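Chain and residue survey
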Amino acid sequence: MIFKRIVTFLSLSLVMLMAGCAVSNEDAVLVNAPLNQIENIIEGDKELVELSEDKLPKTLAVLPFENQTESDGAFEIVRRVIYNHISSKNYHMLHWQAVDDKLRLANIDLKTAYQTDAAYLADILEVDAVVFGTITDFDRIFAGIITQIKVGVELKLVNRNGELLWQEEDSATSRAGGASVTPIGLLLNAALATMHLQEENLLRAADDVGRELARVMPAPKRLTTSAGPEIKAVVHNGMERVLKYGDILEVGIQGQPGQRAQAFIEGVGSFDLQEVVAGEYIGKIPVSKKANADSVVVEGVLMDQNGNISRWISPFGLLTIDNIAPEKVGNISFNANNREVFLQWPLHPSSDVVAYNVYLFDPTNGAKSLAKVTQQNNVALSGLQNFVDYTIAISALDHAGNEGEIVKKVVKALPDSRFLEFPSLSSNIPAPIKSGAVLTQKNSPYYIRQPIQIMDSGVLLVEPGVEIIVSRSGVLNVKGQLWIYGEQNNPVKIKGSDANGFAQFAALNSEQSVELNYLEVDGADVAITIQSGQPIIRNSQFTNNQFSALDISGTAKPKVSNSLIKGSNTAGVIVSGHAQVEFEKCKFENNQPFHIQSSSIYTVQAQNNTWSPAANEMSVLGDVKY
């Protein structure tokens, strides 16, 4: 067992063989000394101290311990173990976790609480007296493969008037033994690992010190005539966790064999434990759906045949069970970016919420998938298709993993966030356009029956899939901004109102931003004229134009890329004046009699294009570099 004092002959023989090489990190040497002895600093046996009834406090609080050593050990476990031994003295004890909570509320640093006036501490903690603890000694002793720890502790009992009632110190060297493989040992090892203790030797030494100091500490008389069964340890696996329905809480008690054992959890209930090895009691408790507990103690109880009871609080931490799902998140807002949406929502009012699940519903079949888990109250989802309605759902998660109700939001990724700001136009485009406006696929087709002007202050955004029907007297004159966001599988299409075609789609005369993406113009006399500015035309098609696809003049500096110019009957592109034009990765096909006809004073840059028929003096006229 973990706390067994008897060393087997085999273990003792092994240690004696290794005694010659035993060393300590404090230059101590362990040679031929019993590995399970308890060493007292104070010479002679300690005597039980008794105080008069009027001097005895009724309620106690054990403060965080002062560390006077140069070591950085996990000394909080020493405090908790000693707290347990003192609690067996019939005092009303304030739980160590409640002590820490009240000190923090009073803005007292736990590491320096021992420097605070005892009377002030007693008032804050609402107790009759406080116990100051000091780690006076810490040595790690190496004896072959066995490591022992020596711990020295001093305790002071001070009442709320600042009067020192009792003071004592003791030290102990941990009992021999390696990691236990008994049921309690395995549970204990897991608990120690959770608390980042490297080994159980510190716990063993603290247990010996606490037992000896508690023995001689003054205390009120017992309320019963007989002491209950001995409890050596109470361990559970709920520390550093928040449990919920479906989890298993495991509780173990080590103590006197042959007793009735229970685990008591405040607000949850009592649970019987089974003696699986002599003196070791284990219970595996399924967490109920109805169970909820916020930082409560796990208490081990042993009862003998005469009804005498012992209680022991597990020093390994409080237990929290949470089966209450958090409330749903607040209103979700979003910003649209190119192939991405950025969502945000108010911080959850509950401090118990630690993360948010973000779900994405497939726009084609509605299947829900977990897109992201975030600890922030915002998230960016990328890789989306522009102009597609996506349903997003967000739920809050608490420490236990309980998930709140999901809240849905329909969002849309957009290459231009102004799609969300500007109003959508009906099928008739107003003349003139003085401010921001959107042409949507939903309201398509749109009609241009007369000249319509985008003013200097105007902005026209065009969604993919929009169809615009132009009559012979209609044209779109652009002095402001024009953004056409066609897509490869969903272009923006321009066509005439009848079989006779139409004169012109657009006249670009703007120094502002003009970008045309995946635009298809078919059957115009001249698809587009460009007189000024630096418009960008990408991935577009200009086909079957009666005269030319593009007529570029004035001071215009357009850039045309990845586009098709096909079937023009005068010239595919006419360039004049001071225009400076660049074509890249475009296809010129079957334009009569020329692909490009230029009289501009500047050279037309037309390298890296394909030509059918081939580019030569017969198909390209003027100063064109191809």
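What counts and how
- Residues numbered from 1 in each chain as written.
- Predicted model: local features only at pLDDT ≥ 70, side-chain atom pairs only at ≥ 80, totals over all residues.
- Heavy atoms only, no water.
- Helix = DSSP H or I, 4+ residues; strand = E, 2+ residues; numbered from the N terminus.
- Contact = heavy atoms within 4.5 Å.
- Salt bridge = Lys/Arg side-chain N within 4 Å of Asp/Glu carboxyl O.
- Buried < 20%, exposed > 50% of the residue type's maximum accessible area, 1.4 Å probe, protein only.
- Polar contact = N/O pair within 3.5 Å; in protein donor to acceptor, adjacent residues only side chain to side chain.
- Expected span 1.5 Å × (residues − 1).
- Arc of directions from axis to C-beta.
- Pairing = 2+ DSSP bridges.
- Axes fitted to C-alpha atoms, helices over the stretch in contact; angles between N-to-C directions.
- Left-handed = near helix turned anticlockwise from the far one by under 90°.
- Nonpolar A, V, L, I, M, F, W, Y, C, P; charged D, E, K, R; others polar.
- Phe/Tyr/Trp six-rings, centres within 6.5 Å; stacked < 30°, edge-to-face > 60°.
- Lys NZ or Arg CZ within 6 Å of the ring centre and 35° of its normal.
- pLDDT = per-residue confidence, 0-100.

Details of the overall build of the chain
If you tally the helices and strands in the chain, you get six helices and 48 strands. Within the chain, contacts between residues at least 6 apart in sequence are counted, and of these 57% link residues at least 24 apart.

Overview of the pattern of salt bridges
A full pass over the atoms with the stated rule returns 19 salt bridges. Here E299 and R311 are joined by a salt bridge, their closest N and O atoms 3.4 Å apart. Of this pair, E299 sits in strand β14 (residues 298–303) while R311 sits in strand β15 (residues 309–313), and the two are 12 residues apart along the sequence. Exposure remark for E299: the relative accessible area of 14% places this residue in the buried category.

So, the environment of N67
Topologically, N67 is positioned in strand β3 (residues 66–67). Along the primary structure N67 and T134 are separated by 67 residues, whereas in three dimensions their C-alpha atoms are 5.9 Å apart. Setting aside chain neighbours within four positions, we find N67 in contact with F75 and I135. At a separation of 2.8 Å, a polar atom in the side chain of N67 contacts the main-chain carbonyl oxygen of S71.

A short note on helix α5 (residues 183–194)
The end-to-end C-alpha distance of α5, which contains 12 residues, comes to 17 Å, matching closely the 16 Å that a straight helix rising 1.5 Å per residue would cover. Here α5 has its buried residues at I184, G185, L187, L188, A191 and L192. Seen end-on, α5 carries its buried residues on one side only, within an arc spanning 165°. Packed against the buried residues of α5 are α6 (201–216), β8 (231–236), β9 (248–255) and β12 (280–286).

So, unusual backbone geometry
The omega angle of the peptide bond from A431 to P432 is -5°, so this bond is cis rather than trans. Tracing the backbone through its elements, the reader meets P432 in the loop between β23 (407–412) and β24 (436–439). A cis amide bond, omega -10°, links Q592 with the succeeding residue P593. With respect to the secondary-structure elements, P593 resides in the loop between β43 (587–589) and β44 (594–598). Even without being a glycine, Y518 presents a positive backbone phi close to 50°. Looking at the secondary structure, you find Y518 in the loop between β33 (514–517) and β34 (519–522).

Re the side chain of E299
A polar contact of 3.4 Å, which involves the side chain of E299, links it to the side chain of R311. Filtering out sequence-adjacent residues up to four positions away, E299 remains in contact with Q262, A263, F264, R311, W312 and I313.

What about the sheet that holds strand β25 (residues 446–448)?
Reading across the sheet, the eight strands line up as β25-β28-β31-β34-β37-β40-β43-β46 and stay open at both edges, with parallel pairing between neighbours. Looking at which strands have only one partner, the edges of the open sheet turn out to be β25 and β46 (610–612). The sheet shows a mean angle of 10° between the axes of neighbouring strands, direction not considered. Examined bridge by bridge, strand β28 (residues 467–470) and strand β31 (residues 492–496) share four bridges and lie parallel to one another. Looking across to β31, one finds that I469 is bridged to K495.

Comments concerning the packing of helix α2 (residues 76–87) against α6
Across the interface, α2 lies against α6 with an axial gap of 8 Å and an inter-helix angle of 35°. In this structure, the crossing between α2 and α6 has a hand that is right-handed. Residues I77, V78, V81, I82, H85 and I86 of α2 touch α6, and the partners they reach there are L202, L203, A206, D207, V209, G210, R211 and A214. Here the contact of α2 with α6 is built from residues that sort into 10 nonpolar, two polar and two charged.

As for the pairing of β8
Among the six residues in β8, five count as buried, and that is most of the element. In this structure, β8 lies alongside β9, joined through five bridges in antiparallel fashion. In the sheet register, A233 faces β9, and the bridge partner there is Q254.

Focus: the sheet that holds strand β35 (residues 524–532)
The strand order across the open sheet built from eight strands is β26-β29-β32-β35-β38-β41-β44-β47, with neighbouring strands paired in parallel fashion. With one partner strand each, in any of the chains shown, β26 (451–454) and β47 (620–621) form the two edges of the open sheet. Pairing of strand β29 (residues 475–478) with strand β32 (residues 502–509) involves three bridges; the strand directions are parallel. Of the residues in β32, the one forming a bridge with V478 is L508.

What to know about the packing of aromatic side chains
The full count for this structure, using the stated rule, is nine aromatic pairs. Judged by centre distance (5.4 Å) and plane angle (75°), the rings of F583 and F588 are edge-to-face. Across the pair, F588 and F583 agree in class, each one buried. The rings of F387, F419, W483 and Y485 are connected pair by pair, giving a single aromatic cluster. In this structure, K289 packs its charged tip against the face of Y245, placed 5.0 Å from the ring centre.

What about the environment of P430?
Its place among the elements puts P430 in the loop between β23 and β24. In this structure P430 comes out as partly exposed when scored by relative accessible area, which is 35%. Sequence-wise, P430 and I448 are 18 residues apart; in three dimensions their C-alpha atoms are separated by 9.2 Å. Apart from the residues within four sequence positions on either side, P430 is in contact with L425 and I452.

Examining the confidence of the model for the chain
The pLDDT averaged across the chain works out to 86; a share of 89% of its residues lies at or above 70. This model gives residues 1–44 a pLDDT under 50, and the stretch forms 79 contacts once residues within four places in sequence are excluded.

Looking at the pairing of strand β30 (residues 481–485)
Burial of β30 is extensive: five of the five residues sit out of reach of the surface. Burial along β30 is two-sided: the residues Q481, W483 and Y485 and L482 and I484 are all buried. When strand β27 (residues 459–462) meets β30, the two strands line up parallel, connected through four bridges. Its bridge partner being in β30, L460 is matched across the sheet by L482. With four bridges joining them, β30 and β33 adopt parallel strand pairing.

Remarks on the environment of E403
Counting through the fold element by element, E403 comes out in the loop between β22 (389–398) and β23. Looking at E403, the relative accessible area reads 34%, which means it is partly exposed. When the C-alpha positions of E403 and K328 are compared, they lie 9.0 Å apart, and in sequence the two are 75 residues distant. Leaving out residues up to four positions away in the same chain, E403 has contacts with A325, P326, N357, Y359, S395, A396 and L397. Only 3.3 Å separates the side chain of E403 from the side chain of N357, close enough to count as a polar contact.

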